[in-house]
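Reading the structure
These are the residues of each chain, in order.
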Amino acid sequence: MNHYKSQLLACDFLTVETLFLKTIYIFFFLEVGARRVHIAGITEHPNGQGVAQQARNFGWFLQEHDNNYVCLIRDNDSKYTDSFDTAFESEGINIICTPFKAPNANSFAERWVKTLRVECLDNLLVVNESHLRRVLSEYVDYYNSRRPHQGLDQHTPIPSPPPEPSGLIQRRKILSGIINDYFRIPEVTVVSIIRNRLKTTRQQITQMCNQGTFATSMTRSSVIGSQFKAGRLRNGGRSSEAG
């Protein structure tokens, strides 16, 4: 199968239980060779008509890109109607149905479901459908563009430029810190950031001086400092007398 994975697509459903005990279905497509994921639909009530429409939408996406796919792997769910199969067959993509009760036959899709649950869904409580849409949008964007894959020699599904060999290491929080994405800022960018911060600080000081607030704040600081020193001297004198 590895010899032909660049020509394969896969699709599947998974379910998510919300905080209020409602079941939401997620329908997705997976480019097996590139490991790129496409969320096709999120709904509480999936049906054959909606799934067929998502197939047409994904077919239009393939038309806009290089379509060298030959087969689509799916299971025998009743939501996959004849209209669903026709949408892909019109694009020259054959439908391969897995055997009954054999999820391993669609192993790439099942592996992504496990990855999604372990890295994302098992670490938070989904409130409702809109919340799940926001979570999946952020995670799938990270999965496709930033997460390295062992099956791709530590590359990402969407090719990205090579990392900077040197520079300041920064952290970007994914899903409010459930996942941390680390990257380097080029040295030229670091220097420009420092210069911009210094420039902003000078402008703020100049503005405070023009408004008179800078002198007032400095006067207050000197008064507080002198009072603090006087208090320390008095306390020191008392402690020495007591000794």
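Presented here is a report on the structure given in the accompanying data block. Predicted model only: the values in this text are computed from it and were never measured.

What counts as what
Residues numbered from 1 in each chain as written. Predicted model: local features only at pLDDT ≥ 70, side-chain atom pairs only at ≥ 80, totals over all residues. Heavy atoms only, no water. Helix = DSSP H or I, 4+ residues; strand = E, 2+ residues; numbered from the N terminus. Buried < 20%, exposed > 50% of the residue type's maximum accessible area, 1.4 Å probe, protein only. Contact = heavy atoms within 4.5 Å. Areas by Shrake-Rupley, 256 points an atom, 1.4 Å probe, with all protein chains shown as cover. Expected span 1.5 Å × (residues − 1). Arc of directions from axis to C-beta. Axes fitted to C-alpha atoms, helices over the stretch in contact; angles between N-to-C directions. Left-handed = near helix turned anticlockwise from the far one by under 90°. Nonpolar A, V, L, I, M, F, W, Y, C, P; charged D, E, K, R; others polar. Salt bridge = Lys/Arg side-chain N within 4 Å of Asp/Glu carboxyl O. Core = buried A, V, L, I, M, F, W, Y, C linked by side-chain atoms within 4.5 Å. Phe/Tyr/Trp six-rings, centres within 6.5 Å; stacked < 30°, edge-to-face > 60°. Lys NZ or Arg CZ within 6 Å of the ring centre and 35° of its normal. Pairing = 2+ DSSP bridges.

**Considering the overall build of the protein**
For the protein, the count of helices and strands is six helices and seven strands. Reading the protein from its N terminus to its C terminus gives the helix and strand order β-β-β-α-β-α-β-α-α-β-β-α-α. Taking all 243 residues of the protein together, 32% fall into the buried category. A separation of at least 24 residues holds for 52% of the contacts in the protein among residues at least 6 apart in sequence. Accessible area for the protein stands at about 15,700 Å²; split by element, carbon and sulfur atoms hold 52% of it.

**Things to note about helix H3 (residues 107-119)**
The end-to-end C-alpha distance of H3, which contains 13 residues, comes to 18 Å, matching closely the 18 Å that a straight helix rising 1.5 Å per residue would cover. Inspection of H3 places Phe108, Ala109, Trp112, Val113, Thr115 and Leu116 among the buried residues, and these make up the whole buried set. Buried residues of H3, seen end-on, are gathered within an arc of 160° and therefore sit on one face of the element. In this structure, the buried side of H3 is in contact with strand S1 (8-17), strand S2 (23-31), strand S3 (36-43) and helix H4 (129-145).

**As for the packing of H3 against H4**
Direction vectors running N to C along H3 and H4 enclose 115°, while the axes themselves pass 12 Å from each other. Here the hand of the crossing between H3 and H4 comes out right-handed. When H3 is examined against H4, the residues Trp112, Thr115, Leu116 and Glu119 are found in contact with a partner set consisting of Leu136, Tyr139, Val140 and Tyr143. The class makeup of the residues in the contact of H3 with H4 is six nonpolar, one polar and one charged.

**Some points on the pattern of salt bridges**
Under the definition given, this model contains six salt bridges. Between lysine 79 and aspartate 77 there is a salt bridge; the shortest N-O distance is 3.1 Å. According to the relative accessible area criterion, lysine 79 is buried, its value standing at 15%. A network of salt bridges, in which partner residues are shared, links Arg146, Arg172 and Asp181.

**Here's the deal with the environment of leucine 8**
Tracing the sequence through the fold places leucine 8 in strand S1. Sequence separation of leucine 8 and leucine 72 is 64 residues, and the distance between their C-alpha atoms is 5.9 Å.

**Some remarks on the nonpolar core**
Note that soluble globular proteins tend to have their nonpolar side chains buried in a common cluster. Counting 31 residues, the largest nonpolar core has Leu14, Trp112, Leu116, Leu121, Leu132 and Tyr139 as its most contacted members. At the level of secondary structure, the elements contributing two or more residues to this core comprise S1, S2, S3, strand S4 (71-74), H3 and H4. At seven residues, the largest contribution of residues to this core is made by H4. In this structure, leucine 132 is in contact with Val16, Ile24, Ile26, Ile42, Leu121 and Val126, ignoring residues within four places of it in sequence.

**Here we look at the packing of aromatic side chains**
For the coordinates displayed, the defined rule picks out 15 aromatic pairs. Here phenylalanine 58 and phenylalanine 61 contribute two aromatic rings whose centre-to-centre distance is 5.9 Å and whose plane-to-plane angle is 20°, an arrangement assigned as stacked. Taken together, the positions of phenylalanine 58 and phenylalanine 61, both in helix H1 (residues 48-64) and three residues apart, correspond to about one turn of that helix. Considered together, phenylalanine 58 and phenylalanine 61 belong to a single accessibility category, that of buried residues. Members of the aromatic cluster, connected to one another through ring pairs, are Phe13, Phe27, Phe29, Phe58, Phe61, Tyr80, Phe84 and Phe88. A cation sits over an aromatic face here: lysine 79 above phenylalanine 13, 4.8 Å from the ring centre.

**Here we look at the pairing of S2**
Burial analysis of S2 places seven of its nine residues in the buried class, the great majority of the element. Where S1 meets S2, nine bridges bridge the pair, whose relative direction is antiparallel. Looking at the pairing, glutamate 17 lines up with threonine 23 of S2. In this antiparallel pair of consecutive strands, S1 and S2, the connection spans five residues, and leucine 21 shows a positive phi of 60°. Pairing of S2 with S3 involves seven bridges; the strand directions are antiparallel.

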